[in-house]
Amino acid sequence: VCTSRFWFNYRHVANTLSVYRSVKRLGIPDSHIVLMLADDMACNPRNPKPATVFSHKNMELNVYGDDVEVDYRSYEVTVENFLRVLTGRIPPSTPRSKRLLSDDRSNILIYMTGHGGNGFLKFQDSEEITNVELADAFEQMWQKRRYNELLFIIDTCQGASMYERFYSPNIMALASSQVGEDSLSHQPDLGIGVHLMDRYTFYVLEFLEEIHPASQTNMNDLFQVCPKSLCVSTPGHRTDLFQRDPQNVLITDFFGSVRKVEITTETISLDSDLGGFESKLPKEELATEPLKYAEQLPVAQIIHQKPKQKDWHPPGGFILGLWALIIMVFFKTYGIKHMKHIF
Amino acid sequence: ACAQLQLAVPVAVVFAPGSVSGDLPRPLPFGDVQETEIAVNQRTSVTSRYETVYRSTTAREEAALDAATAREADAALHLLQDASVGSLTVYVVPETSPLLPQGVSVYVGKHRSALVRAGGDLAALRTRLQQLTQVMSFTATSIAAALSDRVPDGQLGPDARRHLKSSLGYEITFSLLNPDPKSHDVDWDIEDAVNRYVQPVLDKLSLVANFSVDSQILYYAVLGVTPRFDKESSSFLLSAHSLPHVINPVEARLGSSAASLYPVLNFLLYVPERSHSPLYIQDKDGAPVPTNAFHSPRWGGIMVYNVEAPASPQASLPLHVDVDMVRVMEVFLAQLRLLFGLSWEELPPEFLLESPGNEGLADWELDRLLWAHTVENIATVSTTLTSLAQLLDKIGNIVIKDDVASEVYQAVASAQRAMAELAAGHLHSAFQASREAVTSSERAFFDPSLLHLLYFPDDQKFAIYIPLFLPMAVPILLSLAKIIRETRQRKKEPTKMD
């Protein structure tokens, strides 16, 4: 999830797309990825190289490519949509690619980047999500067993505050900086004119480049990525809610997708000479009535509709009390003789 | 949430003439009840009641048992009984009966009855009966697996969450992968195969869920793994530990995300390229797998279909290939059974199972699924409603709409009905009620209106309201003070003037 928009937040989009690319490279298909971006970098009028988003300076690596499937773009990246995706309380008309269809054997990786503060994360410069809301959303997910294990990575200023309030089991969290510290960006590109990546994500990606689908690297190595000397901020992590020892958790458990597979040893025997299928044929000869279009919009009904009576509610107590107080004070202060000018 | 479930299984034990053992406690017919408790965790327990009725055969049943083979006897007996879903009937035949072959003590038919060879005393018979009910209805493990999210971690084996979760419907997709259309022109008559072989199985399973089937052909879809060439067998081999990496590159192209919201089961038939033929799958010991297929729990299965090399090297490419759908469907349907958790592996010795034929599964296997799914559904409803209640307790200002409330009431009523039917032994109606309960509770829990975004910490309340109301309140409060002072002064005045 990239929670920023506007050209100067280029690095957040590049962060998210780089992680997306790594995760796809390690085997997770698009149907299992929900990508939320304010997709305004590649076609931004200020982009000197349109249709590209670079993550290394000197424009080495274009992470925007051909097969980026953004599920929530632009103004759809809101706190409400994010929480709806997590908890599953989605309107029934939402397409399958916008849903999180996980079950109790799914490991979920959540990566968030943007601008944040002590206990909150800013969404698109207009709203924010607090760490308590996030913890509650994860608890709702746990109640319905929507995850087996969850890895939460956040790359924002004061990122560690976002995972302080988690209380559901099987969650491991990583953040790029502690409370009170800012996460810094990595390198500006003079050709594009903005910073391309954040430091923490840059080093995480360098680490991930060495992982391949069958590798056995574990989480402890991921915790060592980006020490203070390189990152200036102190990355933090939280594993107390996680049941397994991080030493035994493979990186590919979350970043890649290695499925359990069993060899099929049983077969059933089918009798190929049954004539039972003939009963299906008559179905095709049912007379079908000629199709016609359903009434798309009952225009006649709408035009002749009378406007619905909106129920009138008397003003509430608070407003009435406030106005009574104001009027009383006014007349007491300035004298009762003004009353006759009004009535 | 606390749950005490009672599962009642009606069992009838019918003694054929000559098979009654000498040490029956009472003369036939009589009945008894056996209860065992399966403790899942501290607050959940499942009690199984086997309500057994012992009686002797009727004349018509005797005639049926006179048949030549066990199979015919089973077919004849099926017509005579009206076995309800979830019940079992066990026929005890004399030791010398020709129905059961040598070395076989129990024959399990494809409906809901079994033939047991009488052998000695009542205790031996009771042991056999217990083994039989474990096979034909449910075991402690299968119930614990159905309730897997309540069992403390580590108690269940790693395989406990293999089977498909209970769902209202499933979507089955058959895909033919042809990575080398230049060499092979593959034709599969999938529609005919589905109508002939798959539809009967799905019709039988329609009691459990709604199924929909579709199929597709994908060209130039390769496996993500390069097979090794083995000189001894001059064939290509895919080792067992490379199999997990095969699925992901293909999944991206399967298009399963466009399908419905039900869980999707993918069955893939892969025809290897000319340059990689023949391709065999190796199991852990290095031997080629006879079915040449593997499956992944909760996902589906893949089968490799090798095409014979052309007789003459100058044969014109592409070769036309007509896929032998019988062989393919035998494997796919077996994989479908395994995905649902129906396997023939754990049979006690001396048991013989009748093959269910084209129907794919026996009636008692359907019962096994129904028992597990009903228990799972009831547990899910209980967890969902409890967590919804906890959510409402925690956040006071969520508004519950009327339709959400009615769904909750319906869910509770259906769940109670399901539990009552389970305790009475009516598996079919219990399952239907549990399904309704799950639908209602999921609809209530996942209603979009229940999303609360209003988290107001106290410091935010102060930060927002004080700058707004304090400046406004200052003149009002000062004027109020002035009014009160004036009123008090005026009260004192009249006394002074006197």
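Note that the structure is a prediction, hence the values are computed from the model and not measured. (Residues numbered from 1 in each chain as written. Chains lettered and ligands numbered in written order. Predicted model: local features only at pLDDT ≥ 70, side-chain atom pairs only at ≥ 80, totals over all residues. Heavy atoms only, no water.)

### A closer look at the overall build of chain A
(1) Moving on: Along chain A, the regular secondary structure elements total nine helices and ten strands.
(2) Moving on: Evaluated residue by residue, chain A yields a buried proportion of 49% over its 343 residues.
(3) Moving on: Partitioning the contacts of chain A with sequence separation of at least 6, the portion at a separation of at least 24 is 70%.
(4) Moving on: With the model as given, the accessible surface of chain A reaches about 18100 Å², and the carbon-plus-sulfur share is 56%. (Helix = DSSP H or I, 4+ residues; strand = E, 2+ residues; numbered from the N terminus. Buried < 20%, exposed > 50% of the residue type's maximum accessible area, 1.4 Å probe, protein only. Contact = heavy atoms within 4.5 Å. Areas by Shrake-Rupley, 256 points an atom, 1.4 Å probe, with all protein chains shown as cover.)

### Structural notes on the packing of helix α9 (residues 402-424) of chain B against helix α10 (residues 427-445) of chain B
Residue and element names in this part refer to chain B.
(1) Moving on: Following both chains from N to C, one finds α9 and α10 inclined at 160°, their axes separated by 7 Å at the closest point. Taken as axis vectors, α9 and α10 run roughly antiparallel relative to one another. As α9 packs across α10, the resulting crossing turns out to be left-handed. Between α9, through Val-404, Glu-407, Val-408, Gln-410, Ala-411, Ser-414, Ala-415, Arg-417, Ala-418, Glu-421 and Leu-422, and α10, the contact on the second element is made entirely by Leu-427, Ser-429, Ala-430, Ala-433, Ser-434, Glu-436, Ala-437, Ser-440, Ser-441, Arg-443 and Ala-444. (Axes fitted to C-alpha atoms, helices over the stretch in contact; angles between N-to-C directions. Parallel < 35°, antiparallel > 145°, perpendicular 65-115°, else oblique. Left-handed = near helix turned anticlockwise from the far one by under 90°.)

### Some words on the environment of Pro-179 of chain B
Residue and element names in this part refer to chain B.
(1) Moving on: Its location among the elements puts Pro-179 in the loop between β7 (169-178) and β8 (184-187).
(2) Moving on: Using a relative accessible area of 7% as the deciding quantity, one classes Pro-179 as buried.
(3) Moving on: In this structure, the C-alpha to C-alpha distance between Pro-179 and Tyr-219, residues 40 residues apart in sequence, is 5.5 Å.
(4) Moving on: Filtering out sequence-adjacent residues up to four positions away, Pro-179 remains in contact with Tyr-220, Ala-221, Val-222, Tyr-270, Val-271, Pro-272 and Glu-273.

### What to know about the pattern of salt bridges
(1) Moving on: Evaluated as defined, the whole model comprises 27 salt bridges over all chains.
(2) Moving on: The partner of Arg-244 of chain A in a salt bridge is Glu-149 of chain A, with the nearest N and O atoms 2.9 Å apart. Highlighted residues: Arg-244 of chain A in the loop between β9 (236-238) and β10 (262-263) and Glu-149 of chain A in strand β7 (residues 149-155), separated in sequence by 95 residues.
(3) Moving on: Under the relative-accessibility criterion, Arg-244 of chain A is labelled partly exposed at 31%.
(4) Moving on: Glu-35 of chain B is paired through a salt bridge with Arg-49 of chain B; the nearest N and O atoms lie 3.0 Å apart. A residue pair is termed long-range when its members are at least 10 positions apart, and Glu-35 of chain B in strand β2 (residues 30-39) and Arg-49 of chain B in strand β3 (residues 44-56) qualify at 14 residues.
(5) Moving on: By sharing partners, the salt bridges in this structure join Asp-103 and Asp-104 of chain A together with Lys-165 and Arg-298 of chain B into a single network. (Salt bridge = Lys/Arg side-chain N within 4 Å of Asp/Glu carboxyl O.)

### Looking at the UniProt feature "active site" (unreviewed entry) in chain A
Residues and elements named next belong to chain A.
(1) Moving on: Within this numbering scheme, the UniProt entry marks His-115 and Cys-157 as carrying the feature "active site" (unreviewed entry). Considering the C-alpha atoms alone, the annotated residues occupy 43 residues of sequence yet fold into one spot, their largest mutual distance being 6.4 Å.
(2) Moving on: Taking relative accessible area as the criterion, His-115 reaches 24% and is therefore assigned partly exposed.
(3) Moving on: Among the polar contacts listed, one links the side chain of His-115 to the side chain of Asn-9, at a separation of 2.9 Å.
(4) Moving on: With respect to the helices and strands, Cys-157 occurs in the loop between β7 and β8 (171-175).
(5) Moving on: The exposure class assigned to Cys-157 is buried, which follows from its relative accessible area of 19%.
(6) Moving on: Excluding its chain neighbours within four sequence positions, the residues that come into contact with Cys-157 are Gly-116, Gly-117, Ser-177, Glu-181, Asp-182 and Ser-183. (UniProt positions renumbered as here; feature names shortened; annotations may be inferred. Polar contact = N/O pair within 3.5 Å; in protein donor to acceptor, adjacent residues only side chain to side chain.)

### Remarks on the interface of chain A and chain B
(1) Moving on: Listed by partner, the interface residues are 60 residues for chain A and 81 residues for chain B.
(2) Moving on: The junction of chain A with chain B conceals about 6200 Å² of combined surface from both sides, 58% of it contributed by carbon and sulfur atoms.
(3) Moving on: Our count for the chain A to chain B interface comes out at four salt bridges.
(4) Moving on: With its nearest N and O atoms 2.6 Å apart, the salt bridge here joins Glu-442 of chain B to Lys-144 of chain A.
(5) Moving on: Seen at the junction of chain A and chain B, the total is twelve residue pairs in polar contact (both at pLDDT 80 or more).
(6) Moving on: Put simply, the parts of the chain that give the side of chain A that touches chain B at least two residues each are α2 (79-87), β6 (127-130), α3 (131-143), β10 and α8 (317-334) of chain A.
(7) Moving on: Here the side of chain A that touches chain B takes eight residues from α8 of chain A, the largest share from any one element. (Buried area = accessible area lost by both parts, 1.4 Å probe.)

### Description of the nonpolar core
(1) Moving on: Judged by nonpolar contacts, the single largest core of 91 residues is most densely connected at Leu-132, Phe-174, Leu-205, Leu-269, Met-329 and Leu-336 of chain B.
(2) Moving on: Examining the composition of this core, we find that eleven residues originate from one element, helix α7 (residues 325-340) of chain B, more than from any other.
(3) Moving on: For this core, the two domains that each supply at least three residues are domain 1 (169-340) and domain 2 (365-452) of chain B.
(4) Moving on: Every residue in contact with Leu-269 of chain B, bar those within four places of it in the chain, is listed here: Ser-175, Leu-176, Leu-177, Trp-188, Met-303, Tyr-305, Val-323, Val-328 and Phe-332 of chain B.
(5) Moving on: Val-23, Ile-153, Leu-196 and Phe-242 of chain A belong to the second largest nonpolar core, which has 49 residues in total. (Core = buried A, V, L, I, M, F, W, Y, C linked by side-chain atoms within 4.5 Å. Domains from an automatic or database assignment.)

### Topic: the packing of helix α8 (residues 363-394) of chain B against α9 of chain B
Residue and element names in this part refer to chain B.
(1) Moving on: Two elements in contact, α8 and α9, have axes whose closest approach is 10 Å; the angle formed by their N-to-C orientations is 145°. Like other packed secondary-structure pairs, α8 and α9 cross with a definite hand, here left-handed. Contact residues: α8 offers Trp-371, Thr-374, Ile-378, Val-381, Leu-385 and Leu-388, while α9 offers Val-408, Ala-411, Val-412, Ala-415, Ala-418, Met-419 and Leu-422.
(2) Moving on: Of the residues belonging to the contact of α8 with α9, the class tally is twelve nonpolar, one polar and no charged. (Nonpolar A, V, L, I, M, F, W, Y, C, P; charged D, E, K, R; others polar.)

### So, α2 of chain A
Residues and elements named next belong to chain A.
(1) Moving on: In terms of residue burial, α2 counts as a mostly covered element, since seven of its nine residues are buried.
(2) Moving on: Buried positions along α2 lie against β1 (36-37), β2 (72-73), β3 (107-113), β5 (120-123), β6 and α3.
(3) Moving on: With its phi angle positive at about 85°, Gly-88 sits one or two positions after the end of α2.

### Some thoughts on the sheet that holds β5 of chain A
Residue and element names in this part refer to chain A.
(1) Moving on: Overall, antiparallel pairing links the three strands, which are arranged β4-β5-β6 in an open sheet. Either end of the sheet is taken by a strand with one partner, and the two such strands are β4 (115-117) and β6. Strand-to-strand twist of the sheet, defined as the mean angle between neighbouring strand axes without regard to direction, takes the value 30°.
(2) Moving on: Note that β4 and β5 share three bridges and pair antiparallel. Pairing of Gly-116 across the sheet is with Leu-121, part of β5.
(3) Moving on: Lying over the sheet, α2 contacts β5 and β6, oriented at roughly 35° with respect to β6. (Pairing = 2+ DSSP bridges.)

### Description of the sheet that holds β8 of chain A
Residue and element names in this part refer to chain A.
(1) Moving on: Taken together, the four strands give an open sheet; going across it, the order is β3-β7-β8-β9, and neighbouring strands pair in mixed fashion. Each having just a single partner strand, β3 and β9 make up the two edges of the open sheet. Mean inter-strand twist for the sheet, computed between neighbouring axes without regard to direction, equals 10°.
(2) Moving on: Where β8 and β9 come together, three bridges link them in antiparallel fashion. Within β9, the position partnered with Ala-173 by the bridge is Arg-238.
(3) Moving on: Sheet strands touched by helix α1 (residues 10-25): β3 and β7. Its angle to β3, the strand with the most contacts, is close to 160°.

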